Structure formats: C-alpha cells, structure tokens
Amino acid sequence: MNPLRHIFLLFLLPVFHVSVADVGTAAQYSSPYLPTACYGYDSSSFPANGLFAAAADGIWDNGAACGREYLVRCLSDACTSDDTIQVTIVDYSGSSVSRPSATGTIMVLSAATFSNIADRSASQINIEFQQV
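Let us look at the structure shown here. Predicted model, so just to flag it, every value in this text is computed and none were measured. (Residues numbered from 1 in each chain as written. Predicted model: local features only at pLDDT ≥ 70, side-chain atom pairs only at ≥ 80, totals over all residues. Heavy atoms only, no water.)

The next thing to look at is the overall build of the protein chain. Per the secondary structure count, the protein chain includes four helices and six strands. Each helix and strand of the protein chain, placed in order from N terminus to C terminus, yields the pattern α-β-α-β-α-β-β-β-α-β. Counting only residues that meet the buried cut, the protein chain has 39% of its 132 residues in that class. Summed over its atoms, the accessible surface of the protein chain is roughly 7300 Å², and 53% of this surface lies on carbon and sulfur atoms. (Helix = DSSP H or I, 4+ residues; strand = E, 2+ residues; numbered from the N terminus. Buried < 20%, exposed > 50% of the residue type's maximum accessible area, 1.4 Å probe, protein only. Areas by Shrake-Rupley, 256 points an atom, 1.4 Å probe, with all protein chains shown as cover.)

The structure is reproduced here in structure tokens:
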C-alpha cells in the first residue's frame, strides 16, 4: 500500500466515527413491572438502578433477549439528554402487564429509563441502540 495512503488513513480515521448501532423507536411503560416472559414474575432480577426495558419482536429473538444489555441514546426532539444509557432486557413487550405508551416500537423503556433521556410527556422517541 502507498505510504501516503497510510498517512491519509491515519489522520482520517479518528475524524470519522464508525457506528455499529441500529436505530428504531422506543415507548415507555410504568409499574407494575412483572417480568413474566423472562423471569416468571420475579422482579428481584431487575437491575437495582431501574434502567431496564422490555424487548419487542425486532430484538426479542424468541426469548434470547432476556438479560441482554443495550446502550440506548435518544435521537428525538423530546430528548432531554444526549447521554447514552445502558439498559437490561427483563421482559417481552407483547406480554408485559403494563401497557406501553405506544405500539410498534423496538423497545419499551421503564419510566426511570425513559425519563433519563427524554421528556416523560412523549409517547415514543427515536433511539439509537447497540447490544453490549
């Protein structure tokens, strides 16, 4: 390879961020949080920080999503933070006891998770998410 090309790439790589994240939408839900699909009503498996979500069909993977962790960042006008937060999947949104604020989303975030990144009055937000 041409040495000038190596130098060119060396300087350009730090400038361009290569993202492997997906984009989708997220809704919110509130208690009662009863993780029927993943843990059979055992809420002791929830993360202590309250940052959890229910997976929808797009990432549910026939239950393999239980316990997976995702980095989530809000991309909507309703965002209150540019922070990326880490959530754990604890349930399937199609069978959750508490109904989501919107249907057809990729993820349904707990109230604590949603309010960390977006205005609680929004029914759904656009998100960027990546499995950890």
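So, on to the nonpolar core. Core analysis: the biggest nonpolar cluster contains 25 residues, and Val72, Met107 and Ile125 have the highest contact counts within it. Mapped onto this core, the elements with two or more residues apiece are strand 2 (52-55), helix 3 (57-60), strand 3 (69-74), strand 4 (84-92), strand 5 (107-110), helix 4 (111-117) and strand 6 (124-131). Counting residues in hydrophobic clusters, the runner-up holds 10 residues, among them Tyr29, Phe52, Ala102 and Ala111. (Core = buried A, V, L, I, M, F, W, Y, C linked by side-chain atoms within 4.5 Å.)

Take the side chain of Ser93 next. Mapped onto the fold, Ser93 is located in the loop between strand 4 and strand 5. Judged by relative accessible area, Ser93 falls into the buried class, the value being 13%. Those residues in contact with Ser93 that lie beyond four places of it in its chain are Ala54, Ala55, Ala56, Arg99 and Val108. (Contact = heavy atoms within 4.5 Å.)

Here we come to the packing of aromatic side chains. Taken as a whole and judged by the stated rule, the model has six aromatic pairs. With centroids separated by 5.0 Å and ring planes inclined at 80°, the aromatic side chains of Tyr29 and Tyr33 adopt a geometry described as edge-to-face. Residue classification places Tyr29 among the buried residues on the basis of a relative accessible area of 4%. Its relative accessible area of 18% is what places Tyr33 among the buried residues. (Phe/Tyr/Trp six-rings, centres within 6.5 Å; stacked < 30°, edge-to-face > 60°.)

Right, let's talk about the pairing of strand 5 for a bit. Of the pairings in the sheet, the one linking strand 1 (residues 22-29) to strand 5 comprises four bridges and is parallel in character. Bridged to Tyr29 within strand 5 is Ser110. In terms of strand pairing, strand 2 meets strand 5 through three bridges, oriented antiparallel. Bridged to Ala55 within strand 5 is Met107. (Pairing = 2+ DSSP bridges.)

Let us look at the environment of Ser95. The residue Ser95 is located in the loop between strand 4 and strand 5 in this model. Residue classification places Ser95 among the partly exposed residues on the basis of a relative accessible area of 33%. Ser95 sits 58 residues away from Ala37 along the chain, and the two C-alpha atoms are 6.9 Å apart. When neighbours within four sequence positions are excluded, Ser95 is seen to be in contact with Thr36 and Ala37.

Where a strand is regular, its side chains alternate between the two sheet faces. Note that strand 1 and strand 6 share six bridges and pair antiparallel. What sits directly across from Gly24, in strand 6, is Ile127.

Moving on, we get to the state of the cysteines. Inspection of the entire model under this criterion finds two disulfides. A disulfide bridge connects Cys38 with Cys66, and the sulfur atoms are separated by 2.0 Å. As the torsion about the S-S bond is roughly -85°, the Cys38-Cys66 disulfide counts as left-handed. In this pair, Cys38 is assigned in helix 2 (residues 36-39) and Cys66 in the loop between helix 3 and strand 3, connecting sequence segments 28 residues apart. Across the protein chain, the disulfide pattern expressed with sequentially numbered bonded cysteines is 1-2, 3-4. (Disulfide = S-S within 2.5 Å.)

Distances and angles like these do not, on their own, reveal function.
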